[in-house]
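Listed below, chain by chain, are the residues.
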Amino acid sequence: MPMLNQDSAIVAFRSADDRVADRSATRPLQAGFAARLWPGLWLVAAILVTAPADTAESLRGREESTDRQESPSLFRVQYHVPDASFCYASACVDIDDDGRRDLFFASRGTRELSRLNAADGRIVWSRTFDGEQQSISAFDVNRDGRFEVLYTVSSPGRMYAVDAQGTVLRQWDADDNKLGNSPVVIDGDGDGVLDGYLGSRSLYLLRLNMEHPALTARREGWSQCGCHTSAMDVDGDGRWDLFAGDGDDFGKKGVLHRFDPRSLESIWHFDTNDNASSADAVLVDLDGDGRVEILKSVDNYQGDDAHDAVYAFTTDGQMQWKVAGLAGEDSPNAADLDGDGRIEIVGMTFGGDVYCLNSSGETLWRRDLRPEC
């Protein structure tokens with residue numbers, strides 16, 4: 001994820017039409033993002049907002065604003081929490097079983113992790129940590145019925161396990177400068193112990209015993225930046241299957257891997273050439289045949305000979321289609337947008353274009369969101 005110098009903020013929205021909630025979707029908490037829309041509840045969305053200098057100046061020094069801006073549009077702004085650096089929010093969970101959801105928010109400028117009341121954005125606590133924020137997720141790793149926040153940082157490359165009060169329960173150092181993604185937490189080898197799978201910035205693919213945490217396996221020669229490892233039993237054999245991108249287009253060229261959860265060795269790989277280490281592999285049945293496909297976004301990070309594209313693969317590594325020229329660090333989203341029983345694919349490029357593809361990779365529409373210069 002590139003560093004940005006514009007002033008930024010976390011913004012929360014409420015649906016102006018509760019009927020939209022019936023088509024909402026979630027991503028698994030252990031993958032680092034959870035935002036869910038139900039009738040009458042908040043949709044909490046963490047986005048980067050750029051503001052003119054005079055507007056940004058007026059935001060500084062204010063913890064939050066809860067002024068409601070009435071609008072006939074689909075969403076209404078409920079609150080914002082300004083930050084003058086690269087900021088990030090994720091893991092929207094009820095961390096202390098009080099019946100209210102909390103949102104965890106981190107700033108690279110202040111090096112603080114904050115717990116917010118998700119409904120109104122009010123700060124419950126803020127704690128300063130060594131390292132610059134990279135990713136936040138939540139999981140009950142010690143199986144006591146309570147979530148723990150898993151917070152990864154760079155400089156040093158470290159993972160913290162934090163409780164509801166902001167106390168560090170455990171921490172683990174990766175021996176690399178950056179942990180840019182949260183672990184996906186599963187029992188990968190069926191031994192009853194929860195494993196965490198993640199990659200470091202320049203050196204390793206890692207498997208951790210999440211209850212301590214402690215390193216249980218490591219594969220060298222790996223570069224995984226913001227891309228989370230995706231996990232699913234894709235072929236129905238009762239075993240987890242793992243997918244991740246490796247290579248950022250600088251130190252090494254990009255490769256998509258399906259790898260074994262025990263050995264970490266590749267079952268197959270596909271050379272994407274450009275950066276494969278930023279966007280997650282999306283696992284979804286695209287064509288309704290009962291079999292899972294893989295969506296993968298690849299971006300031309302270095303700006304050289306471009307191979308940026310959105311790909312679709314079968315789970316045995318066969319490319320089904322490729323749409324070139326859609327460079328973007330983030331994963332596309334897959335959903336039935338119009339209720340016709342067919343999946344659409346929506347994503348955004350580095351250039352500010354939002355695109356919509358059908359399940360065969362044909363472009364349905366594309367819109368440039370950049371303001372006219």
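Structure's up top.
On a predicted model such as this, the values are computed, not experimentally measured, just so you know.

*Asks:* Where do I start with the overall build of the protein in this structure?
*Replies:* When its secondary structure is counted, the protein shows one helix and 27 strands. Burial status across the protein gives 51% buried among its 373 residues. Once local pairs closer than 6 in sequence are excluded, the contacts in the protein between residues at least 24 apart make up 46%. Only carbon and sulfur atoms are counted for the fraction: they give 48% of the accessible area of the protein, which is about 17000 Å².

*Asks:* Looking at this structure, how should I read the packing of aromatic side chains?
*Replies:* For any two aromatic rings, the description comes down to two numbers: the centre-to-centre distance and the angle of the planes. Taken as a whole, this structure holds 10 aromatic pairs when the rule is applied. The interplanar angle of 25° and the centroid separation of 6.2 Å between the aromatic rings of Tyr151 and Tyr160 together place this pair among those described as stacked. Residue classification places Tyr151 among the buried positions, given a relative accessible area of 0%. Aromatic rings pair up to connect Phe243, Trp268, Phe270, Tyr311 and Phe313 into one cluster. The residue whose ring lies beneath Arg108 is Phe86, and the NZ or CZ to ring-centre distance is 4.2 Å. Over the face of the ring belonging to Tyr204 we find Arg218, whose NZ or CZ atom lies 4.0 Å from the ring centre.

*Asks:* Looking at this structure, I do not really get the sheet that holds strand S21 (residues 293-298). What am I missing?
*Replies:* Within a sheet, adjacent strands bond to each other through the backbone by hydrogen bonds, running parallel or antiparallel. Spatially, four strands are ordered S20-S21-S22-S23 in an open sheet, and the strand pairing comes out antiparallel. Both outer strands of the open sheet, strand S20 (282-284) and strand S23 (319-324), are each paired with one neighbouring strand and no more. Between one strand axis and the next, the sheet turns through 20° on average, direction left out of account. Of the pairings in the sheet, the one linking S21 to strand S22 (residues 309-314) comprises six bridges and is antiparallel in character. Of the residues in S22, the one forming a bridge with Glu293 is Thr314.

*Asks:* Explanation requested: the pattern of salt bridges in the structure shown.
*Replies:* All told, the structure shown has 17 salt bridges when counted by the stated rule. In this structure, the salt-bridge partner of Arg146 is Asp144, at a minimum N-O distance of 3.9 Å. By relative accessible area, Asp144 is classed as partly exposed at 40%. Through salt bridges with shared partners, a single ionic network connects Asp353, Arg366, Asp368 and Arg370.

*Asks:* Explain the side chain of Lys178 to me, please; I cannot follow it from the model alone.
*Replies:* For Lys178, the location among the structural elements is in the loop between strand S11 (168-173) and strand S12 (184-186). The exposure class assigned to Lys178 is buried, which follows from its relative accessible area of 13%. Not counting residues within four places of it along the chain, the set of residues in contact with Lys178 comprises Gln134, Val153, Ser154, Gly157, Ser200, Arg201 and Cys225.

*Asks:* Looking at this structure, I do not really get the environment of Val168. What am I missing?
*Replies:* The topology assignment puts Val168 in strand S11. Here Val168 falls in the partly exposed class, since its relative accessible area comes to 34%. Taking the C-alpha atoms as reference points, Val168 and Phe129, separated by 39 residues in sequence, lie 9.6 Å from one another. Beyond its immediate sequence surroundings of up to four residues, Val168 is in contact with Phe129, Tyr160 and Ala161.

Cut-offs and rules
Residues numbered from 1 in each chain as written. Predicted model: local features only at pLDDT ≥ 70, side-chain atom pairs only at ≥ 80, totals over all residues. Heavy atoms only, no water. Helix = DSSP H or I, 4+ residues; strand = E, 2+ residues; numbered from the N terminus. Buried < 20%, exposed > 50% of the residue type's maximum accessible area, 1.4 Å probe, protein only. Contact = heavy atoms within 4.5 Å. Areas by Shrake-Rupley, 256 points an atom, 1.4 Å probe, with all protein chains shown as cover. Phe/Tyr/Trp six-rings, centres within 6.5 Å; stacked < 30°, edge-to-face > 60°. Lys NZ or Arg CZ within 6 Å of the ring centre and 35° of its normal. Pairing = 2+ DSSP bridges. Axes fitted to C-alpha atoms, helices over the stretch in contact; angles between N-to-C directions. Salt bridge = Lys/Arg side-chain N within 4 Å of Asp/Glu carboxyl O.

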